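The chain contents come next:
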Amino acid sequence: MEENELWRKQTFPIDLKREGLQKIIKSKAISEIDLNHDNLPPTVYVNFSKLQALEEGISSNDVVDAFVIFTEMLISRSTDPTNPKTCQLIDLSETHISSGFRVSILKQIYAVFEPNYPETLEKMIMYPVSSFVRRTCSVMLSFVNSKTRNKFIITDDLDLVCKELGWNKEKVEACGGVTAFMHQHEKNSDL
């Protein structure tokens, strides 16, 4: 607990005026999804192709801080503050894996979240992920403990994504896919 208190003192308040952080927030590369779920926690949405496009103007600390900000906002509104939960959807549509997956950012996010937000992750969905990339993900994510790794759903199956997040597949398809559906339901941030 002392480590978490020290981390909080060192981390907060987060300077929202930082240029890289503002780029992430304004582009909605990381955002909150405004959908009512049937007993499912709220979702942090990550548009990975937007993060890649911003890569030169942002640091890995900006990405980690954006995750922290959105997680804190969701947790603050949790119906059960003693056991808050969130979901994460990592949208890999239009992502160029050849540009590099930046495992280093995932490691930094994990290093912050595992000790400071234990058990808040209900599930993390990475979509769409080809069968080739799914096979390499276990190697890329070997630094994640098995309990957390079991919460990861790495798929190219839209039916599975919709089932796991409580969405109506026909509505997702009518919007033109996951990315368009997410843009329709991104919550306007007060940041």
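What you are looking at is a predicted structure, and each value in this text was computed from that prediction instead of being measured.

**Student:** I'd like a rundown of the sheet that holds strand S5 (residues 152-154), residues and numbers included.
**Tutor:** The sheet built from 5 strands is open, its strands ordered S1-S2-S3-S4-S5 with mixed pairing. Among the strands making up the open sheet, the edge pair consists of strand S1 (30-33) and S5. If you compare each strand with its neighbour and ignore which way they point, the axes differ by 20° on average. Where strand S4 (residues 121-127) and S5 come together, 3 bridges link them in parallel fashion. Looking at S5, one finds that Ile 125 is bridged to Ile 153. Across the sheet, helix H8 (residues 158-165) lies against strand S2 (43-47), strand S3 (86-91), S4 and S5, angled at about 160° from S4, the strand it touches most.

**Student:** Break down the packing of helix H4 (residues 60-76) against helix H5 (residues 103-116) for me, citing the residues and quoting the values.
**Tutor:** Across the interface, H4 lies against H5 with an axial gap of 9 Å and an inter-helix angle of 40°. Relative to H5, the element H4 is oriented oblique. Between H4 and H5 lies a crossing whose hand is right-handed. Listed contacts from H5 to Ser 60, Asn 61, Val 63, Val 64, Phe 67, Val 68 and Thr 71 of H4 are Ile 105, Gln 108, Ile 109, Val 112 and Phe 113. Per-class residue counts for the contact of H4 with H5 are 8 nonpolar, 4 polar and no charged.

**Student:** Quick rundown of the layout of surface pockets? Include the residues and the values.
**Tutor:** Of the volumes computed, that of the largest pocket is approximately 450 Å³. Taken together, 20 residues make up the lining of the largest pocket; nearest its centre are Leu 40, Pro 41, Pro 42, Thr 79 and Lys 85. Looking at the lining of the largest pocket residue by residue, the classes come out as 7 nonpolar, 6 polar and 7 charged. One number sums up the size of the second largest pocket: a volume of about 260 Å³. For the second largest pocket, the lining is made up of 12 residues, of which Asn 4, Pro 115, Asn 116, Tyr 117 and Pro 118 are closest to its centre. Of all the secondary structure elements, the ones that give two or more residues to the lining of the second largest pocket are helix H1 (2-11), H4 and H5.

**Student:** Tell me about H4, residues and numbers included.
**Tutor:** With 17 residues, H4 extends 24 Å from end C-alpha to end C-alpha; this agrees with the ideal 24 Å at 1.5 Å per step. In terms of residue burial, H4 counts as a mostly covered element, since 14 of its 17 residues are buried.

**Student:** Break down the environment of Gly 177 for me, with residues and values.
**Tutor:** Note that Gly 177 resides in the loop between helix H9 (169-175) and helix H10 (178-185). Gly 177 gets classed as buried once you look at its relative accessible area, which sits at 18%. Put simply, Gly 177 and Leu 158 are 19 residues apart on the chain and 8.9 Å apart in space, counted from C-alpha to C-alpha.

Reading guide: rules and limits
Residues numbered from 1 in each chain as written. Predicted model: local features only at pLDDT ≥ 70, side-chain atom pairs only at ≥ 80, totals over all residues. Heavy atoms only, no water. Pairing = 2+ DSSP bridges. Helix = DSSP H or I, 4+ residues; strand = E, 2+ residues; numbered from the N terminus. Axes fitted to C-alpha atoms, helices over the stretch in contact; angles between N-to-C directions. Contact = heavy atoms within 4.5 Å. Parallel < 35°, antiparallel > 145°, perpendicular 65-115°, else oblique. Left-handed = near helix turned anticlockwise from the far one by under 90°. Nonpolar A, V, L, I, M, F, W, Y, C, P; charged D, E, K, R; others polar. 1 Å grid on protein atoms, 1.4 Å probe; cavity = no way out; pocket = protein on both sides within 12 Å on 5 of 7 lines; lining within 4 Å. Points joined across faces, edges and corners; volume = space filled by probe spheres on them. Expected span 1.5 Å × (residues − 1). Buried < 20%, exposed > 50% of the residue type's maximum accessible area, 1.4 Å probe, protein only.

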